[in-house]
Every structure is written in structure tokens, then in C-alpha cells.
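One letter stands for each residue in the lines below.
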Amino acid sequence: MKLLEYLRSVLMRSSRAFVWSATVCGLLVLFGFFAAIGYDFYRSTLLMNEQAAANVATLTQQTIARDIELYDLSLQSVLEGVNDPDILYQEPGLRQKILFDRSATAPGLGALVMLNAEGTITLDSQGYPPREGNFADREYFKIQRDAVRDIGLYVSKPFQARLQENIWTVSVSRRISRPDGSFGGIVSGTIRISYFERLFNKVSMGNGDRIVLLMDDGTLVARTAGLKSEIGANWQSRPIFTHMTGKTRGTFTSDESLDGVSRLYAFHRVDHLPLIVAVGVSTDKILAPWWFKMSVLAAILAIMAASVVGLVWMLEGELRRRAAAEKAAEELARTDGLTQLANRRWFDEELSRKWAAAVRDRRPMSLLMIDVDQFKPFNDSYGHQAGDRALAAIAGIIDSAVRRPDDLAARYGGEEFAVLLPDTDRHGALQIAETIREGARNLLIEHTRNEHKIVTVSVGVATAFPRPGAVQATALVRDADAALYRAKEAGRDTVCVSNVMPADFEWQVSRAS
């Protein structure tokens, strides 16, 4: 108890700002330590999963590259046989076995065929005689035919096989060149899309994880949890593909996938082929352990922080309640409850104080008197609640126009407002008055009994140059009131200047068009 009494006495003697500053600094140090631990664990979690996803992408692309290399060996075997007269003129059954014996060892490889220069099947790994068909319209045939030189192995875009109905495949093909270098046809093999899907499904993936195989032009070849209708779609304009353009490998995080799931992606180009493997792991799954640990640490931190704050709050309570009561009394004495501007009492006090300062510093002082036009008819037509809302809205316009710390906006009484502008000449006061008038018009509050059909304000402007022994501050209020009366007489929605101003300050009355 003695310790508590001692601490209470210390706090009572200390400033509230110091007590809370010290408390906040201590908590910030604690929060900083927590944030450093959390960020370090967050980075290590992401790096570990980036590496895991990159390993999956690398292994998958290696498997695809290896199998396509086997397919290519089968194609080259057929190509070598076609160019060997001793093999080409063998008995059909023996020739078939010699040309296509390697194709049986390639997993996922469909039929191998040889197409002549017109695109017609002349040799078929499925048997002899070859099946009938012409494939001169296929993209892979046209590419090989129209190439000015041998382009080597070509991997086509996905297509539906004709010889095997409704089966999605891609073609791997090589060109047959005649002795004179002219185009003599192609040797082509098909790879079923289901081969890639089975390969992807062998990888243990979560519900939100994905493996995607794309061509380097953005064409979708295969993906886990994908629909057949998606095969062949172009992803070139999708944000995910833009991260992979022009790169051999890499990682990135994106929440712009088709299903809206945020994922960490690792991608790897398939050897020297126009294919890219991308592995996407759900960030929710990755960060689930991190969130759990952070939740536990946050709970501990919250308990510690609450304990510290509670102790300080308890010991500082008396000072806090006293300060709150003083502040509430001060605000109540100074502020108008409806508009949250200064009230008349505070305005009168500030007018006297700032007038004395202007006399001392020999600085000008300006005053705006603002009145809501036809406010009583507005209340009669729309009700007092609507009137209160209109006053509050106009008060907001006035408050936003008065920006300097020494300026003061007040509710002078009823629908009348006053703006005190120390160290402001007539030109500056007129600019602020115009801003307020235009702002009130721009509220577009309906007022059918106003000639302008909206709520408007009239503004009277007066400027004085206080000197010792000269007129008092009440004269400034009188002049601004007189200018306001002239603005009303001039048709309202108007800014008018006091007539007692020097001639070089004359200003033409403005009215909204």
C-alpha cells in the first residue's frame, strides 16, 4: 500500500503528458520487438515455401523435359528410318517394327505418324496400312511447311485429336527435308493432355494449390483442378502470366487468379522448350502456422499491454477525471452544440483580445458577418430538423474556409455566423467571404421560398486598422452588420463591403449567376 501511495504521489506531481508519453514509448518498444519477431518468422515461412514450390516446379519441368526428349528420340528414329532406303523398302510389317519400336517406350505418347508434303498420312505407328487422314490444316504442319529452314522439334498448341475423338493433345513434330532441302512432310507424335494432368496429380497438393503448364505465348496446356473447356485459353493478358514473361524461373505472390485465391507462385521454363511450369501454393495455407503463432504472441502482448495501461490508468485516474471535467466545461463554455463552432460568448472574448493585439501590432483586422437567406421560411417549409441540418452544413463550409490558427468562426446567433480574421486586409477577407458564399451554394440544399431555389448566404465584410484611442471593436461589428444589411437589400446570395472603407479598397458586389 505504501508503494501504491508513493507511486500515486509521484504521478500526481508529474504531468499527464509525461506519464502517457513514457507509457507509450514502453509499449512501442514492446510492439517493435513483437513486430520484428513476427516479420522474421513471416519471411522465413515465405522463403521456406518459396523454396518448396520452386523445387516442385523444377522437378516437374525436368520430368516433362525428359519425357519430351524421349518423344523426340522416337521422332528422330522414324526420321532416320525414312531417310534410309534399306529400311524404307523393307516388307511393311518389318518396316513398321523398325520405324516405331522406340515409340512404345515413351509414356503418354500417342500415335506417331508420317505426313507427306500434302499433309496426308503415309506411315502410322498404329498399324499398316495407315489410317486415312489429311492434316495440312493443322497449325504444327503449317509451321513446319512454311519455315525457311529446319526449326527442329516443334511443340504445338493444344488441339482435339481427329483420329481419337474428344481427346485433347499437343503435337511434337520434326520436318522431313528432301535431298534438295525442300519440304517433304513431317514426322509427328501426339502427347495426351491427360499425361500432364496425371503427372501433376502425383504431387501432393492442398485444395487451394495449383500446377499450371503454359506455353510461352500464354496458351494454357494443362492445370490441376481445371476444366477441359479451359484448355487452349490464352493467359497472355492475365496478371499471373505477366510475372513470368521473359524469365527462366522465379517466384511471386498474386491474388489475381481466376478463383480469387491468393497464392505464392514458383515457375520454371521447361528446358529449351516453349513451355512453362507454374506451381501455386495458397498463401492462406502457407501462413496458417504463422497466424497461429502470431495470435498466441499477440494475446500475450495484449495482456501485458493491458496490464501496463490498466495500472497507469488506475494511478492516473484522478488526474484524468479532473482534466476531462475541466476540458468538458471549457468546451461547453466555448462551443455551440449544433454547429460545433465557437459560441457568441467565446467570440466576444476573442474579439476583445485580438483587437487589443491588433492595436499593439498595428495590424489590420477583418470581420465577416454571415446570414442564411430566408431561413425562417425555410424552417416553416421544411421543419426545424431540416433547418438544423442546413445550419450544420453551412457551419462546415465556414469552418473549412477558415484555416489559420488565429482565425475564429462562430455562431453569432440563430442563423447568423461571424468570422474573425486578424491580420487580414479587405482583399483577403473578400476571398474568404466569396469562398463561403460559393460553398453554401454548392451544398444545393433545396429552398423553394428562396428566389434562388436553394439555400444561400449573404455576407457583410468590414476591415479596420486599429490604433490606440481609435474606435472600439464594436464599431467593426457594426460596420460588418451594415454591410450584411446591404447584401440582403441587394438581393441576397451576395457579398458586400462596409461603406466606411478607404476608396482604394472599393470592391464590386458579387452575385451568383
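Just so it is clear, the structure is predicted and the values come from calculations on it, not from any experiment.

Draft legend 1. Structural context of the overall build of the protein. Along the protein, the regular secondary structure elements total 13 helices and 17 strands. Total accessible area on the protein stands at roughly 26800 Å², and carbon and sulfur atoms take up 55% of it.

Draft legend 2. Region of the structure containing helix 9 (residues 344–361). An ideal rise of 1.5 Å per residue puts 26 Å on 18 residues; helix 9 measures up with 25 Å between its terminal C-alpha atoms. Every buried residue of helix 9 is listed here: W346, F347, E350, L351, K354, W355, A358 and V359. A positive backbone phi angle near 55° is found at R362, which sits one or two residues after helix 9.

Draft legend 3. Molecular detail of the packing of aromatic side chains. This model, assessed by the stated rule, comprises 11 aromatic pairs. The ring of W346 has R334 lying over it, and the distance from NZ or CZ to the ring centre is 4.0 Å. Directly above the ring of Y412 sits R344, whose terminal nitrogen or CZ lies 3.9 Å from the centroid.

Draft legend 4. Up close: the pairing of strand 13 (residues 408–413). Across the six residues of strand 13, five count as buried, placing the element largely inside the fold. Pairing of strand 13 with strand 14 (residues 416–422), which is carried by five bridges, proceeds in the antiparallel orientation. Of the residues in strand 14, the one forming a bridge with L408 is L420. Where strand 13 hands over to strand 14, the hairpin turn is made up of two residues, of which G414 adopts a positive phi near 60°.

Draft legend 5. Just the confidence of the model for the protein, in detail. With 85% of its residues at a pLDDT of at least 70, the protein reaches an overall mean of 83. The secondary-structure element of the protein with the lowest mean pLDDT is strand 17 (residues 510–511), recorded at 38, while strand 14 shows the highest, at 95. Counting interchain partners and residues more than four positions distant, the pLDDT-below-50 stretch residues 1–5 has one contact. Low pLDDT, under 50, characterises residues 501–513; the stretch is placed with 32 contacts to residues that sit more than four places away or in other chains.

Draft legend 6. Expanded view of the pattern of salt bridges. Summed over all chains, the structure comprises 23 salt bridges. Close ionic contact of R174 with D72 constitutes a salt bridge, the shortest N to O distance being 2.5 Å. Here R174, found in strand 5 (residues 168–177), pairs with D72, found in helix 2 (residues 16–82); they are 102 residues apart in sequence, far enough to count as distant. In this structure D72 comes out as buried when scored by relative accessible area, which is 10%. In the salt-bridge network here, residues are joined through shared partners; they are E434, R437, E438, R441 and D493.

Draft legend 7. Representation of the environment of T463 in the model. Summarising the element assignment, T463 is placed in strand 15 (residues 457–464). C-alpha separation for the pair T463 and V497, spaced 34 residues apart in sequence, amounts to 8.6 Å. Only 2.8 Å separates the side chain of T463 from the side chain of S366, close enough to count as a polar contact.

Draft legend 8. Summary view of the environment of R149. Inspection of the secondary structure assignment puts R149 in the loop between helix 5 (139–146) and strand 3 (154–155). It is 8.3 Å that separates the C-alpha atoms of R149 and G181, two residues lying 32 residues apart in sequence.

Draft legend 9. Just the packing of helix 11 (residues 384–401) against helix 12 (residues 426–442), in detail. Relative to each other, helix 11 and helix 12 sit at 150°, their axes nearing to 9 Å. Classified by the interaxial angle, the pair formed by helix 11 and helix 12 is roughly antiparallel. Helix 12 is crossed by helix 11, and the crossing has right-handed handedness. Contacts between helix 11 and helix 12 involve I397, I398 and A401 on the former and, on the latter, I432, T435, I436, G439 and A440. Split by residue class, the contact of helix 11 with helix 12 holds six nonpolar, two polar and no charged.

Draft legend 10. View of the nonpolar core. With 43 residues, the main nonpolar core has I64, I191, F196, L213, V221, V270 and L275 as its most contacted residues. A total of 11 residues in this core trace back to one element, the largest contributor, which is helix 2. Sequence-distant contacts of L213, that is, excluding residues within four places in its chain, are made with I64, F196, F200, T219, L220, V221, A222, V270, L275, I276 and V277. Core analysis: the second largest hydrophobic core is formed by 30 residues, I370, A390, L421 and V495 among them.

Draft legend 11. The arrangement of the sheet that holds strand 7 (residues 210–215) in detail. What the five strands build is an open sheet, ordered 8-7-11-10-9; its pairing is antiparallel. Of all the strands in the sheet, the pair left with one neighbour each is strand 8 (220–223) and strand 9 (249–254). Averaged over all pairs of adjacent strands, the angle between strand axes in this sheet comes to 20°, irrespective of strand direction. Across seven bridges, the pairing between strand 10 (residues 263–269) and strand 11 (residues 275–282) is antiparallel. Residue pairing for strand 11: F267 is matched across the bridge by A278. Along the sheet, helix 6 (residues 193–201) makes contact with strand 7 and strand 8, crossing strand 8 at roughly 40°.

Rules of the game
Residues numbered from 1 in each chain as written. Predicted model: local features only at pLDDT ≥ 70, side-chain atom pairs only at ≥ 80, totals over all residues. Heavy atoms only, no water. Helix = DSSP H or I, 4+ residues; strand = E, 2+ residues; numbered from the N terminus. Areas by Shrake-Rupley, 256 points an atom, 1.4 Å probe, with all protein chains shown as cover. Expected span 1.5 Å × (residues − 1). Buried < 20%, exposed > 50% of the residue type's maximum accessible area, 1.4 Å probe, protein only. Phe/Tyr/Trp six-rings, centres within 6.5 Å; stacked < 30°, edge-to-face > 60°. Lys NZ or Arg CZ within 6 Å of the ring centre and 35° of its normal. Pairing = 2+ DSSP bridges. pLDDT = per-residue confidence, 0-100. Contact = heavy atoms within 4.5 Å. Salt bridge = Lys/Arg side-chain N within 4 Å of Asp/Glu carboxyl O. Polar contact = N/O pair within 3.5 Å; in protein donor to acceptor, adjacent residues only side chain to side chain. Axes fitted to C-alpha atoms, helices over the stretch in contact; angles between N-to-C directions. Parallel < 35°, antiparallel > 145°, perpendicular 65-115°, else oblique. Left-handed = near helix turned anticlockwise from the far one by under 90°. Nonpolar A, V, L, I, M, F, W, Y, C, P; charged D, E, K, R; others polar. Core = buried A, V, L, I, M, F, W, Y, C linked by side-chain atoms within 4.5 Å.

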